[in-house]
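# Tertiary structure, described
Okay, here's what each chain looks like letter by letter:
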Amino acid sequence: MEPIGIFYGSTTGNTKKIAQKIKEHLKSETIDLYNVRDASKADLEKYNNIILGSSTWGEGELQEDFKRFLEVIKKAKLKGKKVAIFGIGDSSIYPDSFADALGVIFEALEGKGVIFVGEFSTRGYHFEKSLAIFDDKFVGLPLDDDSDEDQNRARIAIWSDLLNQKMN
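A brief report on the enclosed structure follows.

Reading the values: rules and limits
- Residues numbered from 1 in each chain as written.
- Predicted model: local features only at pLDDT ≥ 70, side-chain atom pairs only at ≥ 80, totals over all residues.
- Heavy atoms only, no water.
- Helix = DSSP H or I, 4+ residues; strand = E, 2+ residues; numbered from the N terminus.
- Rg over C-alpha atoms; globule rule 2.2 N^0.38 Å.
- Buried < 20%, exposed > 50% of the residue type's maximum accessible area, 1.4 Å probe, protein only.
- Contact = heavy atoms within 4.5 Å.
- Areas by Shrake-Rupley, 256 points an atom, 1.4 Å probe, with all protein chains shown as cover.
- Salt bridge = Lys/Arg side-chain N within 4 Å of Asp/Glu carboxyl O.
- Lys, Arg positive; Asp, Glu negative; His and termini not counted.
- Expected span 1.5 Å × (residues − 1).
- Pairing = 2+ DSSP bridges.
- Axes fitted to C-alpha atoms, helices over the stretch in contact; angles between N-to-C directions.
- Parallel < 35°, antiparallel > 145°, perpendicular 65-115°, else oblique.
- Left-handed = near helix turned anticlockwise from the far one by under 90°.
- Nonpolar A, V, L, I, M, F, W, Y, C, P; charged D, E, K, R; others polar.

## Overview of the overall build of the chain
Counting secondary structure elements, the chain contains 5 helices and 9 strands. Ordered by position in the sequence, the α and β elements of the chain form the string β-α-β-α-β-β-α-β-α-β-β-β-β-α. Relative to the 2.2 N^0.38 estimate, which gives 15 Å for 168 residues, the radius of gyration of the chain is 14 Å and therefore close to what a compact globule would have. For the chain, buried positions account for 50% of its 168 residues. Across the chain, the fraction of contacts at a sequence separation of at least 24, relative to all contacts at a separation of at least 6, is 76%. In the structure as shown, the chain presents an accessible area of about 8300 Å², 46% of it carried by carbon and sulfur atoms.

## Comments concerning unusual backbone geometry
Outside of glycine, negative phi angles account for most residues, and trans bonds account for most peptide bonds. Positive phi, close to 55°, is recorded for alanine 99, a residue that is not glycine. By the secondary structure assignment, alanine 99 is in the loop between strand E5 (82-89) and helix H4 (100-109). Residue alanine 99 is classed as buried on the basis of its relative accessible area of 0%. The backbone of aspartate 135 sits at a positive phi, close to 55°, despite the residue not being glycine. Mapped onto the secondary structure, aspartate 135 falls in the loop between strand E7 (133-134) and strand E8 (137-138).

## Regarding the pattern of salt bridges
Throughout the structure, instances matching the rule amount to 9 salt bridges. A salt bridge links arginine 37 to aspartate 38; the nearest nitrogen and oxygen atoms lie 3.8 Å apart. Residue glutamate 61 is joined to lysine 67 by a salt bridge in which the shortest nitrogen-to-oxygen separation is 3.2 Å. For glutamate 61, a relative accessible area of 42% translates into the label partly exposed. Looking at lysine 67, the relative accessible area reads 32%, which means it is partly exposed.

## Side note on the side chain of arginine 155
Residue placement: arginine 155 occurs in helix H5 (residues 149-166). Notably, arginine 155 is buried but unbridged: the nearest opposite-charge side chain belongs to aspartate 144, and the N-O separation is 5.9 Å. Excluding its chain neighbours within four sequence positions, the residues that come into contact with arginine 155 are Phe120, Arg123, Gly124, Tyr125, Leu141, Leu143 and Ser147.

## As for H5
When the terminal C-alpha atoms of H5 are compared, their 26 Å separation across 18 residues agrees well with the 26 Å that a helix rising 1.5 Å per residue should span. Within H5 the residues assigned to the buried category are Asn152, Arg155, Ile156, Trp159, Ser160, Leu163 and Asn164. Where H5 is buried, its residues contact helix H1 (14-25), strand E3 (49-57), E5 and strand E9 (141-144).

## Some words on the pairing of strand E1 (residues 4-9)
In terms of burial, E1 is largely enclosed, as 6 of its 6 residues are buried. Sheet topology note: the E1/E3 ladder contains 6 bridges and is parallel. What sits directly across from glycine 5, in E3, is isoleucine 50.

## Here we look at H4
The element H4 is largely enclosed, with a buried count of 8 among its 10 residues. Along H4, the positions that sit buried rather than exposed are Asp100, Ala101, Leu102, Gly103, Ile105, Phe106, Ala108 and Leu109.

## Observations regarding the packing of helix H3 (residues 64-75) against H4
Where H3 contacts H4, the two axes come as close as 10 Å, and the packing angle between them is 20°. When the axes of H3 and H4 are compared, the pair comes out roughly parallel. Considering only the axes of H3 and H4, their crossing is right-handed. Of H4, the residues touching H3 (which contributes Phe66, Leu70, Ile73 and Lys74) are Val104, Ile105, Ala108 and Leu109. Residues that form the contact of H3 with H4 fall into these classes: 7 nonpolar, no polar and 1 charged.

In structure tokens, the structure reads:
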């Protein structure tokens, strides 16, 4: 498998922990983690396989560092690159904007010629609506703050297996 760049924005450290767990499940020999606070356009462009992760804050807001990183994404040459998205949301407190960050990132990448991989079933999630839904599936992997650790661990394993198949 080709090298993978995982780019995440993390305020409390939770998204960073998820990025590290995803890295543990992937089969590429080279997987580099980047906090988007310190990542550049050149960092992003050097990978053909890219994973982007952000938590959703409040009612559908991106994590602050990732919000700034969107400008880097918009300027980067990403045509033909495979991109997967993950994030954290809270369906009990924000059921009307659950994991919206995934949808915001997805929209920023539309029209850039990327190949989206890693869509995920909505089955087993409990929420009202989300910007992360496209064709009745999530555009990536949302993890719910309300889910227990075992459920999130299982979702990470399933999604990582899917990426191992798609990012080769």
